[in-house]
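Working through the structure, step by step
One-letter residues, chain by chain:
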Amino acid sequence: MLRETLISTLPNAVVSAGFVWLLFGGQSRIPLWGMDGLAFDLVPTTFMLTLMTTIALTLLLRKRRREGALADGGPLVAPLPVPRHPVLRGIVFGAALLILFVPVSVLVLAAVWQGDWPFAQVLAFKIAYGVVVGWVATPLVVLAVLRERAR
């Protein structure tokens, strides 16, 4: 679990940086509120990072299981109550992390916000945010796959 979580750090940082560039590239200052604000951007970032992590890691871990490099949780371990299909599982985990991360993050940002942030500050925040989302999503995905019954 730790290995997969550490491995997910770089891709989540890169994808987060990509989201910043797509949404805010060329802007010198970024507001917190509005459709072009940082608070709104946390929604697609959180959901998409979790969705992509879930799909990719589920498929990778299942491949490892088929090759004999990963065992299931054993006969006494019950599967997690999440969909088996990687996309549906990603949607469930994405919605859960949206509920957990976005409201708290927006409250914290609103509490410390002193005015529009420069692009570099938003970039640094979003890279760190993406890494943290990955650090929460990855263990959930690993646990879900380990507790699946091999087919």
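Residues numbered from 1 in each chain as written. Predicted model: local features only at pLDDT ≥ 70, side-chain atom pairs only at ≥ 80, totals over all residues. Heavy atoms only, no water.

Turning next to the overall build of the protein. Scanning the protein for helices and strands turns up four helices and two strands. Tracing the protein from N to C terminus, the helices and strands come up as α-β-α-α-β-α. Structurally, the protein occupies a C-alpha span of about 55 × 25 × 20 Å along its principal axes. Contacts spanning at least 24 positions in sequence make up 86% of the contacts within the protein whose residues lie at least 6 apart. Of the roughly 8,000 Å² of accessible surface on the protein, a fraction of 75% belongs to carbon and sulfur atoms. For the protein, the centre of its 13 positive side-chain charges and the centre of its 7 negative side-chain charges are spaced 11 Å apart. (Helix = DSSP H or I, 4+ residues; strand = E, 2+ residues; numbered from the N terminus. Contact = heavy atoms within 4.5 Å. Areas by Shrake-Rupley, 256 points an atom, 1.4 Å probe, with all protein chains shown as cover. Lys, Arg positive; Asp, Glu negative; His and termini not counted. Charge placed at Lys NZ, Arg CZ, Asp CG, Glu CD.)

In total, this model carries four aromatic pairs according to the counting rule given. Every member of this aromatic cluster is reached through a ring pair, and the members are Phe101, Trp113, Trp117, Phe125 and Tyr129. (Phe/Tyr/Trp six-rings, centres within 6.5 Å; stacked < 30°, edge-to-face > 60°.)

Our focus in this paragraph is the packing of helix H1 (residues 2–24) against helix H4 (residues 119–146). Interaxial distance between H1 and H4 falls to 7 Å at its minimum, and their mutual angle equals 140°. The orientation of H1 with respect to H4, classified from their angle, is oblique. In the packing of H1 onto H4, the handedness of the crossing is right-handed. Residues Glu4, Thr5, Ser8, Thr9, Asn12, Ala13, Ser16, Ala17, Phe19, Val20, Trp21 and Phe24 of H1 touch H4, and the partners they reach there are Phe119, Val122, Leu123, Lys126, Ile127, Gly130, Val131, Gly134, Trp135, Thr138, Pro139 and Val142. For the contact of H1 with H4, the residue count by class is 14 nonpolar, eight polar and two charged. (Axes fitted to C-alpha atoms, helices over the stretch in contact; angles between N-to-C directions. Parallel < 35°, antiparallel > 145°, perpendicular 65-115°, else oblique. Left-handed = near helix turned anticlockwise from the far one by under 90°. Nonpolar A, V, L, I, M, F, W, Y, C, P; charged D, E, K, R; others polar.)

Take a nonpolar patch on the surface next. Together, Val132, Trp135, Val136 and Leu140 give the surface a local cluster of nonpolar side chains, amounting to about 300 Å² of exposed area. Structurally, Trp135 can be placed in helix H4. (Patch = residues over 30% accessible without salt bridge, like charges linked within 9 Å, V, L, I, M, F, W, Y side chains within 5 Å. Salt bridge = Lys/Arg side-chain N within 4 Å of Asp/Glu carboxyl O.)

For the pair helix H3 (residues 86–112) and H4, interaxial distance at closest approach is 11 Å and the crossing angle is 145°. Note that H3 runs across H4; the crossing there is right-handed. Counted together, Arg89, Phe93, Leu97, Phe101, Val102, Ser105 and Leu109 of H3 and Phe125, Tyr129, Val132, Val133, Val136, Ala137, Leu140, Val141, Ala144 and Val145 of H4 form the full contact between these two elements. Grouping the constituent residues of the contact of H3 with H4 by class yields 15 nonpolar, one polar and one charged.

The next thing to look at is the environment of Trp21. Residue placement: Trp21 occurs in helix H1. Its relative accessible area of 60% is what places Trp21 among the exposed residues. With 88 residues separating them in the primary sequence, Trp21 and Leu109 have C-alpha atoms 20 Å apart. (Buried < 20%, exposed > 50% of the residue type's maximum accessible area, 1.4 Å probe, protein only.)

Further remarks concern the environment of Val15. Looking at the element boundaries, Val15 is found in helix H1. Overall, the relative accessible area of 28% leaves Val15 in the partly exposed class. For the pair Val15 and Met48, spaced 33 residues apart in the sequence, the C-alpha separation amounts to 9.2 Å. Not counting residues within four places of it along the chain, the set of residues in contact with Val15 comprises Leu49 and Met52.

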